[in-house]
Amino acid sequence: MNSYNHPVIVGLSGGLGNQIFQYAAGLSLASRLQVPLVLDLSWFGGQKDRKFALSPFNIEASQQNVCEWMSPTYQALVSRLSRRWFSKIMGVPVWHEPHFHYTKNFGLIEKSVFLEGYWQSELYFREHRSLLLQQLSLRGSMPLDCRNLLDEILESDAICVHVRRGDYLSNPLAAKIYEPCSIEYYKKGVSEISETLRNPRCFIFSDDPTWVTSSLSLDCPMKVVDVNGPENAHFDLILMAACKHFLIANSSLSWWGAWLGIHPNKRVIAPKRWFLTPDRDTRDLLPSSWEKL
């Protein structure tokens, strides 16, 4: 460890998938600079729907809250303002993600910084895949119903199908940016993957299992996974990653489920259009081996 440098600090925000992207970028940079990694949790102050979600995993980072002396009501607001306007936080410069696609300047960082952004590309961290696979394993065991599902997944040519609806429909801000993938997308994607498999079985993960059960019929044996609530998304992620093939939604959670999958011949199909709005360049969002539909 380089004792002359401050740690790399990552400003976490969003749900589990976004937090893993941010952690992965921070881990990659801290490993390259040989310094510790610190996670700033101040964004979660006062949040009702989003909490720090990485504690169930074997991550190696300390946690701090730059605004911990404030009431929770003000923590998130001050955190957002400070990350945007302060030149330094916790003793290191703030390094803002300049745009959505990968920036080569990330590889030129030579000193510890406070990383502010989403970092949604494996180009930020793919050289540390083995380390991430280790650290994104569970600290403890899964409950019995999850272990039973895991056995079912491992016994078949399991296809992970992720259906994201929830806030894409109920949240007016999210609805302007995201659109749920169509039924046609799921039917065609499952057909393309399953036609080459001996024992295909779809395991469908969704934040709206009731809609899936009533509205989504696939030409493949299917099981709707509904044993985990939002607070246990880490169990769903582990179950997703255990599948052999993936039909993902425009969701960071299913992106990670597919990326963490280790089957040597895994096939991943993702939607061509990730966002409704054209302001984000998604050229580096999907690994080159993944297919777009």
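Anything mentioned here points back to the structure above.
Definitions and cut-offs
Residues numbered from 1 in each chain as written. Predicted model: local features only at pLDDT ≥ 70, side-chain atom pairs only at ≥ 80, totals over all residues. Heavy atoms only, no water. Helix = DSSP H or I, 4+ residues; strand = E, 2+ residues; numbered from the N terminus. Buried < 20%, exposed > 50% of the residue type's maximum accessible area, 1.4 Å probe, protein only. Polar contact = N/O pair within 3.5 Å; in protein donor to acceptor, adjacent residues only side chain to side chain. Contact = heavy atoms within 4.5 Å. Expected span 1.5 Å × (residues − 1). Pairing = 2+ DSSP bridges. Axes fitted to C-alpha atoms, helices over the stretch in contact; angles between N-to-C directions.

(A) Layout of the side chain of Gln-19. Position of Gln-19 relative to the elements: it lies in helix α1 (residues 16–33). Using a relative accessible area of 0% as the deciding quantity, one classes Gln-19 as buried. Within polar-contact distance, the side chain of Gln-19 engages the backbone oxygen of Lys-51 at 2.9 Å. Those residues in contact with Gln-19, other than ones at most four positions away along the chain, are Leu-12, Ser-13, Gly-14, Phe-44, Lys-51, Phe-52, Ala-53 and Leu-54.

(B) Geometry of α1. Taking 1.5 Å as the rise per residue, α1 with 18 residues should run 26 Å; its terminal C-alpha atoms sit 26 Å apart, in good agreement. Among the 18 residues that make up α1, 16 are buried, leaving the element largely enclosed by the rest of the structure. The first or second residue beyond α1 is Gln-34, which carries a positive phi of 60°.

(C) Structural view of unusual backbone geometry. Located in the positive-phi region is Gln-34, a residue other than glycine, with phi close to 60°. Within the secondary structure, Gln-34 sits in the loop between α1 and β2 (37–40). With relative accessibility at 55%, the residue Gln-34 sits in the exposed group. With phi around 60°, Trp-119 is a residue other than glycine that occupies positive phi space. Within the secondary structure, Trp-119 is located in the loop between β6 (114–116) and α3 (129–135).

(D) Up close: the sheet that holds strand β12 (residues 291–292). One open sheet holds the six strands; their spatial order is β9-β8-β7-β10-β11-β12, and the pairing between them is parallel. With one partner strand each, in any of the chains shown, β9 (222–225) and β12 form the two edges of the open sheet. Strands in contact with helix α4 (residues 144–154) are β7 (157–163), β8 (200–206) and β9; relative to β8, the strand with the most contacts, it is inclined by about 145°. The strands that helix α9 (residues 233–241) touches are β7, β8, β9 and β10 (245–247); relative to β8, the one it contacts most, it runs at about 160°.

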